[in-house]
Amino acid sequence: MSDTPHDKLQADDLPLRPGLALIREGPWAGWYHWEPVDDFEEHAGPFYCQPEGEGPDAPVVCGFMPEAKNRNGGGNIHGGALMTFADYALFMIAGGMSTSVHGVTVTMNCEFVGGAEPGKLLTARGEVVRAGGSLVFVRGLISEGERAVLAFSGTIKRLKRNA
């Protein structure tokens, strides 16, 4: 992981979830990016999130603008890129904008329900189905506009943070 934040990112005025930095300029202005950077997610994405509504419990929407590097041999966005975005969204939906969920993905199920193309915004929305002491169950949908691309569900195993 890199400890160097992107030059377009600055600390948020009102701290929300630790690790999120507000983007203040460019096409993603108003969205948040995970800092420090997760190298694999940055390579596959980058991915972004923002609250949909007011308050710390507002639902989260995640965003991804796939590029030519994300295409499969047929010219559509590769399933692995979509699944990586879904895994990012799994954790963002689980924790929202105010609470971090530290853990690992135990299971993830994906159904490819439509193709996606480079240069078209993909969004992921979802809900926490159940959150217990050690497991969090989440389901969601990645869409290109109003068209569904990937349905996903997953389970996160919470881990204690090392001090």
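What you see is a predicted model; the values in this text were computed from it and never measured.

(A) Main features of the overall build of the protein. When helices and strands are tallied, the protein shows 2 helices and 9 strands. When burial is assessed residue by residue, the protein has 38% of its 163 residues classed as buried. Of all intrachain contacts in the protein linking residues separated by at least 6 positions in sequence, the fraction that spans at least 24 positions is 56%. On the protein, roughly 8800 Å² of surface is accessible, and the fraction owed to carbon and sulfur atoms is 53%.

(B) Seen up close, the pattern of salt bridges. The full count for this structure, using the stated rule, is 4 salt bridges. The shortest N-O distance in the salt bridge between Arg-125 and Glu-52 comes to 2.7 Å. Of this pair, Arg-125 sits in strand β7 (residues 122–131) while Glu-52 sits in the loop between β4 (47–51) and β5 (60–64); the two residues are 73 residues apart in sequence, bridging distant segments of the chain. Close ionic contact of Glu-144 with Arg-147 constitutes a salt bridge, the shortest N to O distance being 2.8 Å. According to the relative accessible area criterion, Glu-144 is buried, its value standing at 12%. Judged by relative accessible area, which is 37%, Arg-147 ranks as partly exposed.

(C) Spatial organisation of the packing of aromatic side chains. Under the criterion given, the structure shown has 6 aromatic pairs. When the ring of Trp-28 is compared with that of Tyr-48, the centres are 4.1 Å apart and the planes differ by 20 degrees; the resulting orientation is stacked. Separated by 20 residues along the polypeptide, Trp-28 in the loop between β2 (20–23) and β3 (32–34) and Tyr-48 in strand β4 bring together distant segments of the chain. A single burial state applies to Trp-28 and to Tyr-48, both of which are buried. Ring geometry for Phe-64 and Phe-85: centres 5.3 Å apart, planes at 50 degrees, overall tilted. Of this pair, Phe-64 sits in strand β5 while Phe-85 is found in helix α2 (residues 79–95), placing the two residues 21 residues apart along the sequence.

(D) Structural view of the pairing of β5. The element β5 is largely enclosed, with a buried count of 5 among its 5 residues. The side-chain alternation of β5 yields two buried faces, one formed by Val-60, Cys-62 and Phe-64 and the other by Val-61 and Gly-63. Where β4 meets β5, 5 bridges bridge the pair, whose relative direction is antiparallel. Bridge pairing in β5 places Cys-49 opposite Cys-62.

Analysis parameters
- Residues numbered from 1 in each chain as written.
- Predicted model: local features only at pLDDT ≥ 70, side-chain atom pairs only at ≥ 80, totals over all residues.
- Heavy atoms only, no water.
- Helix = DSSP H or I, 4+ residues; strand = E, 2+ residues; numbered from the N terminus.
- Buried < 20%, exposed > 50% of the residue type's maximum accessible area, 1.4 Å probe, protein only.
- Contact = heavy atoms within 4.5 Å.
- Areas by Shrake-Rupley, 256 points an atom, 1.4 Å probe, with all protein chains shown as cover.
- Salt bridge = Lys/Arg side-chain N within 4 Å of Asp/Glu carboxyl O.
- Phe/Tyr/Trp six-rings, centres within 6.5 Å; stacked < 30°, edge-to-face > 60°.
- Pairing = 2+ DSSP bridges.

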